[in-house]
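The primary structure of each chain is shown beneath.
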Amino acid sequence: MPKKSIIAGNWKMNLTLTEVHDFFQQLSLPPQCPHKIILAPQAPLIPIVTNHVQKLPISVAAQNCSFEKKGAFTGEVSAEVLASLGVEYVILGHSERRQYFAENEDLLSKKIRQCLESKLSVIYCIGETLTERNSGQLQNVLKRQLTCLTEFSQSNQWEQLILAYEPVWAIGTGQVASLEQVQEVHQFIQSTFKDSYPHVNLPPILYGGSVNALNAQDLFTLPAVAGFLVGGASLKPKDFSTILSVQ
Ligand code: PEP
């Protein structure tokens, strides 16, 4: 039986309005694509992308949302407003947000709560830096990053959670983790979940970090990989289509 899989493209702070129109002109989806496809544009372009995907099997994600419901938080975007625009997913915990915006587990659990309450699914990213890996901290770092999910394990919102394992050293570097490294970490996350939350279903675990048109098929064959979070290669319609054709 083919696995239920998700392939999400994180455009980060890339693609102008014109480039978004060009992207959809050039995108050709593989026929009967078995994957749930998600695209995450910059926030102001969400309505444009929602419009483009109206007749396509593509869902829209936001790259961030506020930790508060509403109010005097200049510059923030609420989960409620994202949901009203047709957004279905929010990427949270991305290493770039952890690194450049000092997002920690306390803040992220508030953001996750806002999303779940607005019926948005969360793609929650975790991953270690090279220094953390080389100093034997990998498992501790992942366990710490996973702590902010605990409060949701008793609720029926649990099913709205998706994980993305993204080793920081593999993001945007072209240095993809080896198949053994990916399988090993995904299995570690699975067993951590089974120990910590024995009563709930295991969330899908995506891999992210320099996934491209050439390495996607091999990575997808790993049993513990439920799909991908793709950065750079999701900006190129031809490469993204090739990634979408993995099976
Ligand atoms: C990402 O930003 O989530 C990512 C995985 O980027 P890239 O594919 O470019 O490494």
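Structural data are supplied above this passage.
Attention here is on the structure that accompanies the text.

### Thoughts on the pattern of salt bridges
Consideration 1: With the rule as written, the count across this model stands at 7 salt bridges.
Consideration 2: Close ionic contact of Glu-105 with Arg-98 constitutes a salt bridge, the shortest N to O distance being 2.8 Å.
Consideration 3: Note that Lys-111 and Glu-103 form a salt bridge whose closest N and O atoms lie 2.8 Å from each other.
Consideration 4: Given a relative accessible area of 6%, Glu-103 falls into the buried group.

### Re the pairing of strand E5 (residues 121-126)
Consideration 1: Within E5, 6 of the 6 residues are buried, which leaves it mostly tucked inside the rest of the structure.
Consideration 2: Side chains Ser-121, Ile-123 and Cys-125 of E5 all project onto a buried face; the interleaved residues Val-122, Tyr-124 and Ile-126 project onto the opposite face, where all are buried too.
Consideration 3: Where strand E4 (residues 89-92) lies against E5, 4 bridges are found, and the strand directions are parallel. In the sheet register, Leu-92 faces E5, and the bridge partner there is Tyr-124.
Consideration 4: As judged from the 5 bridges shared by E5 and strand E6 (residues 161-165), these two strands associate in the parallel manner.

### Regarding unusual backbone geometry
Consideration 1: Phi is positive for Leu-15, close to 75°, though the residue is something other than glycine.
Consideration 2: Structurally, the position occupied by Leu-15 is in the loop between strand E1 (6-10) and helix H1 (17-26).
Consideration 3: For Leu-15, a relative accessible area of 13% puts it in the buried group.
Consideration 4: One non-glycine residue, Ser-210, lies in positive phi territory at about 60°.

Analysis parameters
- Residues numbered from 1 in each chain as written.
- Predicted model: local features only at pLDDT ≥ 70, side-chain atom pairs only at ≥ 80, totals over all residues.
- Heavy atoms only, no water.
- Salt bridge = Lys/Arg side-chain N within 4 Å of Asp/Glu carboxyl O.
- Buried < 20%, exposed > 50% of the residue type's maximum accessible area, 1.4 Å probe, protein only.
- Helix = DSSP H or I, 4+ residues; strand = E, 2+ residues; numbered from the N terminus.
- Pairing = 2+ DSSP bridges.

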